[in-house]
Amino acid sequence: LWVSSGFNKETVDRVTQILERFKKDLSEDKAQVLQEISSLGADAALFLTTNLGALPEEALGQIGPLLARMKVAETRAPATKALAHRNPQVRVQAVALLSELGVPASENDLLPMLKDSDLRVRGQTLEALVKFGSREALDPVTKLCTDPESAVRSKALVGLQRLLKKLDQEREILPRLSRAL
């Protein structure tokens, strides 16, 4: 189930134990249980990112932000690979992790995610691109203002406004929107 070759066996065993404790319905605080992973360092972060698709569904929403807080640059490659995973929740967490790592090179990997079939993935990608604040994101973010999902359209309008402000082009919002519509 786990991709564990190349990782420290003790780290893999410890992370596995922590995840087992997380899955069991114990009275322990689940966030606190996962927090123990951060003390294991970069190898644990890389192991978890490599195995995003194998993580328990209920842990994904908490592990993604934990990995992002750990800011281990080596997690970029496995997070980029996870963008193609069949589970949309894995893709959402991969986008969030790349966004938190703040690696502008990730932008090229994220642009295709704006066309993802899952609205959560499109929304998370939009937030990441606005955070990066580059000109290359303007046209794709503008196109999302016509997304079939109202939640994505709404996020796109706010995101476009924030992006234009970052680029000191606030007056461009109406011309951009009129061209998109």
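Each value, and the rule that gives it
- Numbering of residues starts from 1 in every chain and runs along the sequence as written.
- Under the rules for a predicted model, residues below a pLDDT of 70 receive no local features and side-chain atom pairs below 80 are neither given nor counted, while totals for whole chains, interfaces and linings still include all residues.
- By convention in this description, side-chain values take in all heavy atoms of the structure and omit both hydrogens and water.
- A helix here means a DSSP run of H or I that spans at least four residues, while a strand means a run of E at least two residues long, and both kinds are numbered starting from the N terminus.
- Burial classes follow relative accessibility: with a 1.4 Å probe on protein chains only, a residue under 20% of its type's maximum area counts as buried, one over 50% as exposed, and anything between as partly exposed.
- The contact rule is simple, with two residues in contact once any of their heavy atoms fall within 4.5 Å.
- Computed by Shrake-Rupley with a 1.4 Å probe, the accessible areas treat only the displayed protein chains as cover when residues are assessed.
- Here Asp and Glu are counted as negative and Lys and Arg as positive; His is not counted, and neither are the chain ends.
- Charge positions are represented by NZ for Lys, CZ for Arg, CG for Asp and CD for Glu.
- What makes a salt bridge here is a side-chain nitrogen of Lys or Arg within 4 Å of a carboxyl oxygen of Asp or Glu, nothing more.
- This arc corresponds to the set of directions leading from the helix axis out to the C-beta atoms.
- Paired rings are identified among Phe, Tyr and Trp, the last through its six-membered ring, by centres lying within 6.5 Å, and are further divided according to the angle between planes into stacked (under 30 degrees), edge-to-face (over 60) and tilted (the rest).

### Some remarks on the overall build of the chain
Part 1 of the argument: Counting its secondary structure elements, the chain contains 11 helices and 0 strands.
Part 2 of the argument: Overall, the chain shows an N-to-C arrangement of helices and strands of α-α-α-α-α-α-α-α-α-α-α.
Part 3 of the argument: Relative to its full complement of 181 residues, the chain shows a buried share of 45%.
Part 4 of the argument: For the chain, long-range pairs separated by at least 24 residues make up 63% of all intrachain contacts whose partners lie at least 6 apart in sequence.
Part 5 of the argument: Of the roughly 9500 Å² of accessible surface on the chain, 51% is carried by carbon and sulfur atoms.
Part 6 of the argument: In the chain, the 26 positive side-chain charges and the 24 negative ones have mean positions that sit 4 Å from each other.

### Concerning the pattern of salt bridges
Part 1 of the argument: Summed over the entire model, instances satisfying the criterion amount to 9 salt bridges.
Part 2 of the argument: Where D109 meets R76, a salt bridge forms, and the shortest distance between an N and an O atom there is 3.0 Å. Of this pair, D109 sits in helix α7 (residues 106-110) while R76 sits in helix α5 (residues 76-82), placing them 33 residues apart in sequence.
Part 3 of the argument: The exposure class assigned to D109 is partly exposed, which follows from its relative accessible area of 25%.
Part 4 of the argument: A salt bridge links E127 to K155, with the shortest nitrogen-to-oxygen separation between them at 2.7 Å. With E127 in helix α8 (residues 119-132) and K155 in helix α10 (residues 150-166), the pair connects residues that are 28 residues apart, well separated along the chain.
Part 5 of the argument: Residue E127 is classed as partly exposed on the basis of its relative accessible area of 34%.

### As for helix α2 (residues 30-38)
Part 1 of the argument: Inspection of α2 places V33, L34 and I37 among the buried residues, and these make up the whole buried set. For α2, the buried positions fall inside an angular range of 90 degrees around the axis, keeping them on one side.
Part 2 of the argument: For α2, the secondary structure elements touched by its buried residues are α1 (9-23), α3 (42-50) and α4 (57-70).

### Concerning the packing of aromatic side chains
Part 1 of the argument: Per the counting criterion, the structure on display carries 1 aromatic pair.
Part 2 of the argument: Here F7 and F47 contribute two aromatic rings whose centre-to-centre distance is 5.4 Å and whose plane-to-plane angle is 75 degrees, an arrangement assigned as edge-to-face. In this pair, F7 sits in the segment before α1 while F47 sits in helix α3, placing the two residues 40 residues apart along the sequence. There is no split in this pair, since F7 and F47 are both buried.

So yeah, pure geometry; function would need other evidence.
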